[in-house]
Amino acid sequence: MPLSQTIALNDGHHIPRLGFGVWRLPDEDAPGVVGAAIRAGYRHIDTAQGYDNEEGVGRAVREAEVPRGELFITSKERTRDQGYDSTFRSLEGSLKRLGLDYLDLFLIHWPVPEHDRYAETWRALVELRAQGRVRSIGVSNFLPSHFDRLIGETGVVPAVNQVELHPRYQQRDIRDWHAAHSIVTESYSPLGGEGAALLREPVVTDIATRLSKTPAQVVIRWHLQQDLVVLPKTANPTRVTENLDVWSFTLSTEDIARIDALDRPDGKTLPRPEEMNTLF
Ligand code: A2P
């Protein structure tokens, strides 16, 4: 059966399974690159306050020929803005820079437990959702202990948790936990992050050659077939279209199993959630 291009969130909204990631895309390049991505067919753009490119992303969204209602725009709150009152200002800042009147999804970027502000930040997000300033709310880089607190204090379960996830770091435990709580998992650094060594991995290149696909397409398809929302990023125009062309083939159970076997305990490329407090 073909995969539908969206996945249901626990709040009744739907999220496109494939999104365009824009970390490290300079603001001045964002209108061109994101505009090309939308023309190529992306309908989901994943930015963050900490990427410092909301203005450029917003320009591309506003100038696109695709109606706003057909696009799914995510941003994430900077750590320094966490807090109840400050979160209202923070979201308004994102909307202003983007030039939009609502976001489809707003995330707490990192839990930063030593600041102890993620729970009150979550209460503000729940309120912003009720006000319609944001359709769906979620988190990024959260662990089950952080979720327990959010859910315990508000009863509201985040719609998504966006985490580093790729064949070298598959996060099986947290994915099972998300599934048990109706939380959608979003994969960042889905191609394995900077340098893309994963794409030279023989298991991946073998499968790609056999299917006449590229290694990146195989890895993106691996994410899609496991109900992960996948957010590849590239500034390269050829790759922008290449990474979208993932709907017309299927990985067999055997191919999925071969890629599953690439999982490594030390496969993480970015800091762990509990270690992060400065970036973004
Ligand atoms: P580039 O911008 O030069 O294309 P991710 O962080 O999403 O896992 O991606 C890791 C790197 O993979 C990105 O820096 C990107 O670099 C590169 N990349 C993205 N798409 C492709 C592709 N189709 N083939 C090869 N490399 C890719």
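Residues numbered from 1 in each chain as written. Predicted model: local features only at pLDDT ≥ 70, side-chain atom pairs only at ≥ 80, totals over all residues. Heavy atoms only, no water.

- An unreviewed UniProt entry lists the chain under the name Aldo/keto reductase, from Rubellimicrobium roseum.
- Looking at the chain in UniProt, the text filed under Sequence similarities (unreviewed entry) is "Belongs to the aldo/keto reductase family." (UniProt positions renumbered as here; feature names shortened; annotations may be inferred.)

**Focus on the packing of helix H4 (residues 118-131) against helix H5 (residues 144-154)**
Alright, step 1. At a minimum axis separation of 10 Å, H4 and H5 run at an interaxial angle of 50°. Judged by the angle between their axes, H4 and H5 are oblique. Once H4 is placed against H5, the crossing between them reads as right-handed. Across the interface between the two elements, Tyr118, Ala119, Trp122 and Arg123 from H4 touch Ser145, His146, Arg149, Leu150, Glu153 and Thr154 from H5.
Alright, step 2. Of the residues contributing to the contact of H4 with H5, the split by class is four nonpolar, three polar and three charged. (Axes fitted to C-alpha atoms, helices over the stretch in contact; angles between N-to-C directions. Helix = DSSP H or I, 4+ residues; strand = E, 2+ residues; numbered from the N terminus. Parallel < 35°, antiparallel > 145°, perpendicular 65-115°, else oblique. Left-handed = near helix turned anticlockwise from the far one by under 90°. Contact = heavy atoms within 4.5 Å. Nonpolar A, V, L, I, M, F, W, Y, C, P; charged D, E, K, R; others polar.)

**With respect to the UniProt feature "binding site: substrate" (unreviewed entry) in the chain**
Alright, step 1. Mapped onto this numbering, the UniProt entry gives "binding site: substrate" (unreviewed entry) at His109.
Alright, step 2. Within the secondary structure, His109 is located in the loop between strand E6 (103-108) and H4.
Alright, step 3. What makes His109 buried here is its relative accessible area of 4%.
Alright, step 4. Discounting chain neighbours no more than four positions away, the residues touching His109 are Ala48, Tyr51, Lys76, Glu77, Ser140, Asn141 and Phe280. (Buried < 20%, exposed > 50% of the residue type's maximum accessible area, 1.4 Å probe, protein only.)

**Some remarks on the sheet that holds E6**
Alright, step 1. Taken in spatial order, the eight strands line up as E3-E4-E5-E6-E7-E8-E9-E10 in an open sheet, and their pairing is parallel. The open sheet is flanked by strand E3 (20-21) and strand E10 (229-230), the only strands paired with a single partner.
Alright, step 2. Pairing between strand E4 (residues 44-46) and strand E5 (residues 72-77): three bridges, direction parallel. Residue pairing for E5: Ile45 is matched across the bridge by Ile73.
Alright, step 3. Here helix H3 (residues 84-98) sits on the sheet and contacts E5 and E6; the angle it forms with E6, its principal contact strand, is near 135°. (Pairing = 2+ DSSP bridges.)

**Examining the nonpolar core**
Alright, step 1. In terms of nonpolar packing, the biggest core is built from 73 residues, with Phe20 and Val34 touching the most fellow members.
Alright, step 2. When near neighbours in sequence (up to four residues on either side) are disregarded, Val34 contacts Phe20, Val22, Leu25, Ile45, Val57 and Ala60.
Alright, step 3. One finds Ile7, Val160, Val229 and Leu231 within the second-largest nonpolar core, a separate group that totals 11 residues. (Core = buried A, V, L, I, M, F, W, Y, C linked by side-chain atoms within 4.5 Å.)

**Side note on the packing of aromatic side chains**
Alright, step 1. Inspection of every chain in the model, using the stated rule, returns five aromatic pairs.
Alright, step 2. Clustering of aromatic rings is evident, with ring pairs tying together Tyr118, Phe142, Phe147 and Trp177. (Phe/Tyr/Trp six-rings, centres within 6.5 Å; stacked < 30°, edge-to-face > 60°.)

**Points about the site of the ligand**
Alright, step 1. Taken together, 17 residues lie around the ligand, and Leu191, Lys233, Thr234, Arg239 and Asn243 are the ones closest in.
Alright, step 2. Between Ala235 and the ligand, the recorded distance is 3.2 Å, taken from a backbone N or O atom to an oxygen atom.
Alright, step 3. The protein chains hide 82% of the 570 Å² of surface that the ligand would expose on its own.
Alright, step 4. Among the residues making up the shell around the ligand, the classes are represented as seven nonpolar, six polar and four charged. (Near = heavy atom within 4 Å. Polar contact = N/O pair within 3.5 Å; in protein donor to acceptor, adjacent residues only side chain to side chain. Areas by Shrake-Rupley, 256 points an atom, 1.4 Å probe, with all protein chains shown as cover.)

**Some thoughts on the UniProt feature "active site" (unreviewed entry) in the chain**
Alright, step 1. Residues annotated by UniProt as "active site" (unreviewed entry) correspond here to Tyr51.
Alright, step 2. By secondary structure assignment, the location of Tyr51 is in the loop between E4 and helix H2 (54-63).
Alright, step 3. A residue is classified by how much of its surface remains accessible, and Tyr51, at 12% relative accessible area, is buried.

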